[in-house]
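Coordinate analysis (summary)
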Amino acid sequence: RLFCPGMLHPLPFVALANDNGLAKLPPMGWRSWNLFGANVNQNLLEGIMDGMIRRDPRYTVDGVPTSLCDLGYCDVGLDDNWQKCGKYGSEDYTYHLDDGSPVINFDRFPSMKNMTNKAHSLGLAAGWYGNNCICSDHKIGDRKFYEGDTKALRSFGFDSWKLDGCGAQTDMQLWDDVIKASEPTTGRKSIMVENCHWGSRVPYKPNATWCPWNFYRTSGDVRANYGSVVGNLQTTIKYAQQNLSYPGCWAYPDMLEVGVLHSPFGGDKGLTIEETRAHFGAWVIVSSPLTLSHDVNNHTIQQAIWPLIANKEVIEVSQSYAGHSGSPFKSATEQLILAKVNPAALHAQMTVEELGAVGPLLVPAWQYFYKPMLPGGAKTAVLLMNHAPNAADLSLDFKDIPGVTCSTCKLRDIWNHKDLGSFDGSYIAKEVASHDAVFLVLTPG
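Residues numbered from 1 in each chain as written. Predicted model: local features only at pLDDT ≥ 70, side-chain atom pairs only at ≥ 80, totals over all residues. Heavy atoms only, no water.

1. Quick look at the overall build of the protein chain
Helices and strands together make up the secondary structure of the protein chain, namely 12 helices and 20 strands. C-alpha extents for the protein chain along the principal axes are approximately 70 × 50 × 40 Å. A total of 445 residues make up the protein chain; the buried ones form 56% of that total. Surface exposure of the protein chain reaches about 17300 Å², of which carbon and sulfur atoms provide 53%. Computed over 37 positive and 45 negative side-chain charges, the inter-centroid distance for the protein chain is 2 Å. (Helix = DSSP H or I, 4+ residues; strand = E, 2+ residues; numbered from the N terminus. Buried < 20%, exposed > 50% of the residue type's maximum accessible area, 1.4 Å probe, protein only. Areas by Shrake-Rupley, 256 points an atom, 1.4 Å probe, with all protein chains shown as cover. Lys, Arg positive; Asp, Glu negative; His and termini not counted. Charge placed at Lys NZ, Arg CZ, Asp CG, Glu CD.)

2. Remarks on the sheet that holds strand E6 (residues 160-164)
Taken together, the 8 strands give an open sheet; going across it, the order is E9-E8-E7-E6-E5-E4-E1-E10, and neighbouring strands pair in parallel fashion. With one partner strand each, in any of the chains shown, strand E9 (250-252) and strand E10 (290-292) form the two edges of the open sheet. Each strand axis lies, on average, 25° off the axis of its neighbour in the sheet, ignoring direction. In terms of strand pairing, E6 meets strand E7 (residues 192-196) through 5 bridges, oriented parallel. Opposite Lys162, over in E7, you have Glu194 as the bridge partner. (Pairing = 2+ DSSP bridges. Axes fitted to C-alpha atoms, helices over the stretch in contact; angles between N-to-C directions.)

3. Thoughts on helix H5 (residues 143-156)
Helical geometry note: an α-helix holds 3.6 residues per turn, so side chains three or four residues apart project in the same direction. Taking 1.5 Å of rise per residue, 14 residues should cover 20 Å, and H5 covers 20 Å from first to last C-alpha, within 8% of that figure. When H5 is considered as a whole, its buried residues turn out to be Phe145, Tyr146, Gly148, Asp149, Thr150, Ala152, Leu153, Arg154 and Phe156. Elements that come into contact with the buried residues of H5 comprise helix H4 (112-121), strand E5 (125-130), E6 and helix H6 (172-181). Measuring from the backbone nitrogen of Lys144 back to the side-chain oxygen at the start of H5 gives 3.0 Å, which picks out Asp142 as the cap. Immediately beyond the C-terminal end of H5, within one or two residues, lies Gly157, with a positive phi of roughly 90°. (Expected span 1.5 Å × (residues − 1). Contact = heavy atoms within 4.5 Å. Polar contact = N/O pair within 3.5 Å; in protein donor to acceptor, adjacent residues only side chain to side chain.)

4. Notes on the packing of aromatic side chains
The way to describe two aromatic rings as a pair is by their centre distance and the angle between their planes. All told, the structure shown has 21 aromatic pairs when counted by the stated rule. Here Trp250 and Tyr321 contribute two aromatic rings whose centre-to-centre distance is 5.6 Å and whose plane-to-plane angle is 80°, an arrangement assigned as edge-to-face. Remark: Tyr321 occurs in the loop between helix H11 (312-318) and strand E11 (327-331) and Trp250 occurs in strand E9; sequence separation between them is 71 residues. With a centroid separation of 6.0 Å and 55° between ring planes, the pair formed by Phe329 and Tyr368 is classed as tilted. (Phe/Tyr/Trp six-rings, centres within 6.5 Å; stacked < 30°, edge-to-face > 60°.)

5. Section: the layout of surface pockets
Within this model, the largest pocket holds a volume of roughly 470 Å³. Trp33, Gly220, Asp221, Phe265 and Ala348 are the residues nearest the centre of the largest pocket, which is lined by 26 residues in total. Those elements giving two or more residues to the lining of the largest pocket turn out to be helix H1 (33-36) and E6. In terms of residue class, the lining of the largest pocket is made up of 13 nonpolar, 5 polar and 8 charged. (1 Å grid on protein atoms, 1.4 Å probe; cavity = no way out; pocket = protein on both sides within 12 Å on 5 of 7 lines; lining within 4 Å. Points joined across faces, edges and corners; volume = space filled by probe spheres on them. Nonpolar A, V, L, I, M, F, W, Y, C, P; charged D, E, K, R; others polar.)

6. Describing H6
Looking at H6, one finds that the buried residues are Met172, Leu174, Trp175, Asp176, Val178 and Ile179. Looking at the buried positions of H6, the neighbouring elements they touch are H5, E6 and E7. Capping the start of H6 is the job of one residue whose side-chain oxygen sits 3.2 Å from the backbone nitrogen of Gln173: Asp171.

7. Brief notes about the packing of helix H7 (residues 226-234) against helix H9 (residues 273-285)
Packing of H7 against H9 brings their axes to within 11 Å, and their N-to-C directions diverge by 15°. Taken together, the axis directions place H7 and H9 in an arrangement best described as roughly parallel. Both H7 and H9 take part in a crossing whose hand is left-handed. Contacts from Tyr226, Val229, Asn232 and Leu233 of H7 reach H9 at Glu275, Ala278, His279, Ala282 and Trp283. (Parallel < 35°, antiparallel > 145°, perpendicular 65-115°, else oblique. Left-handed = near helix turned anticlockwise from the far one by under 90°.)

8. With respect to the state of the cysteines
According to the stated counting rule, one finds 5 disulfides in the structure shown. Put simply, Cys69 and Cys74 are joined by a disulfide, and their sulfur atoms are 2.1 Å apart. The sign of the 105° torsion about the S-S bond sets the Cys69-Cys74 disulfide as right-handed. Two residues share a disulfide in this structure: Cys85 and Cys135, whose sulfurs sit 2.1 Å from each other. On the sign convention where negative is left-handed, the bridge of Cys85 and Cys135, at about -80° about the S-S bond, is left-handed. Remark: Cys135 occurs in the loop between E5 and H5 and Cys85 occurs in the loop between strand E4 (75-77) and H4; sequence separation between them is 50 residues. Look at Cys85 and you get partly exposed, because its relative accessible area is 39%. (Disulfide = S-S within 2.5 Å.)

9. Notes on the pattern of salt bridges
Applying the stated criterion across every chain yields a total of 19 salt bridges. One salt bridge in this structure joins Glu147 and Arg143, with 2.7 Å as the shortest N-O distance. Of this pair, Glu147 and Arg143 both sit in helix H5, 4 residues apart, which is roughly one turn of that helix. The exposure class assigned to Glu147 is partly exposed, which follows from its relative accessible area of 37%. The partly exposed category is assigned to Arg143, whose relative accessible area is 39%. The partner of Glu183 in a salt bridge is Lys189, and the shortest N-O contact between them spans 3.4 Å. Taking the relative accessible area as the measure of exposure, Glu183 reaches 57% and is therefore exposed. Judged by its relative accessible area of 39%, Lys189 is partly exposed. (Salt bridge = Lys/Arg side-chain N within 4 Å of Asp/Glu carboxyl O.)

10. Some remarks on the side chain of Asn34
Along the chain, the position of Asn34 falls in helix H1. A residue is classified by how much of its surface remains accessible, and Asn34, at 2% relative accessible area, is buried. For Asn34, the side chain forms a polar contact with the side chain of Ser293, separated by 2.9 Å. Once you skip the residues sitting within four places of it in the chain, Asn34 turns out to touch Met255, Leu256, Glu257, Val260, His262, Ser263, Pro264 and Ser293.

Honestly, that's just the spatial picture; any functional story needs more than this.
Here it is, written out as structure tokens:
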């Protein structure tokens, strides 16, 4: 084993991920659940596809009209309720026939093939969804159902697949075997796979030599409130510390709630702009896949969040990897309760007893994350998060940052594209607002 300067834990010399060649850097895209929930259909998804590639002169980068796909958000995914729920076959399957093939709701999706063809014509990838939660089927564990769904995926021309944890199809190695044995009719040979087992339904965790998916959920569903965001963020930490979030196999605390004003769960009112900034920065600093889920065709929302999701300096942090996916290096001793019940620990299959055993969400008053962007301390990103209910000065000592060797360091504020200058030994971020975050890049000098 090799111990790399700046890492908190010994790392294997070579990490072995899914060998399908995808997700060498954290994937970027969009999925439907937070916006549409169960009320999704082909027309709505195709409208999102148009929005993803639109170069609206109101949304620019360096003065140039820029689309979301230009920035890297190029995978548009369907998230449940494409199936026609009912009773089928000899075993009353809820959305499969006896031969293993899935039953499509053609009222909602008249032609999956036409929909993926549209995505491909726009330069987008198209994502499907399996082992569904709506009318979940607990009798489809036989290989023929894996093969039937994969045959459908190939015939429709999808490029990526979110595999949820609700039904009986939870054998991720079998999914990988069946997918790799299948031949594409359209789309790509390799399929980008999300293991959506909520960080709790086996198998949900890779090891140093086994990861038959490209990214994997570490938590329950994220919601549009700050406690849920921070709770889900904490679930990535143990995987980063064990070096189990790496190219081809990324830890994923769920979709982004950036620009999401409500969610299908009810009761959520959305994040403040400060919370939105902290949320996006947090997903970036831990190398999470960046999956948008807002209405990309709503000008008011798009205008409000564009400076975040289109910030090329922040995206550069996401799309870099120098041996460590990003984790906390310093936290306050003072603990806060952000939620009476930790939302990150909840998932769809919990019993009443399991729900009753979930405790509150405790987090430090402030928390500092780092991610090396180049080896040897040449370039390091740092996110200073204030979880407290009041504004606070956040003091950063350079010697505390793993791998950073400069005593005099240059700091750049990448939220605001501003060089702050050179500092000796430390830096104090003044009056950081409640639930906000400072995003810095350090280089020697």
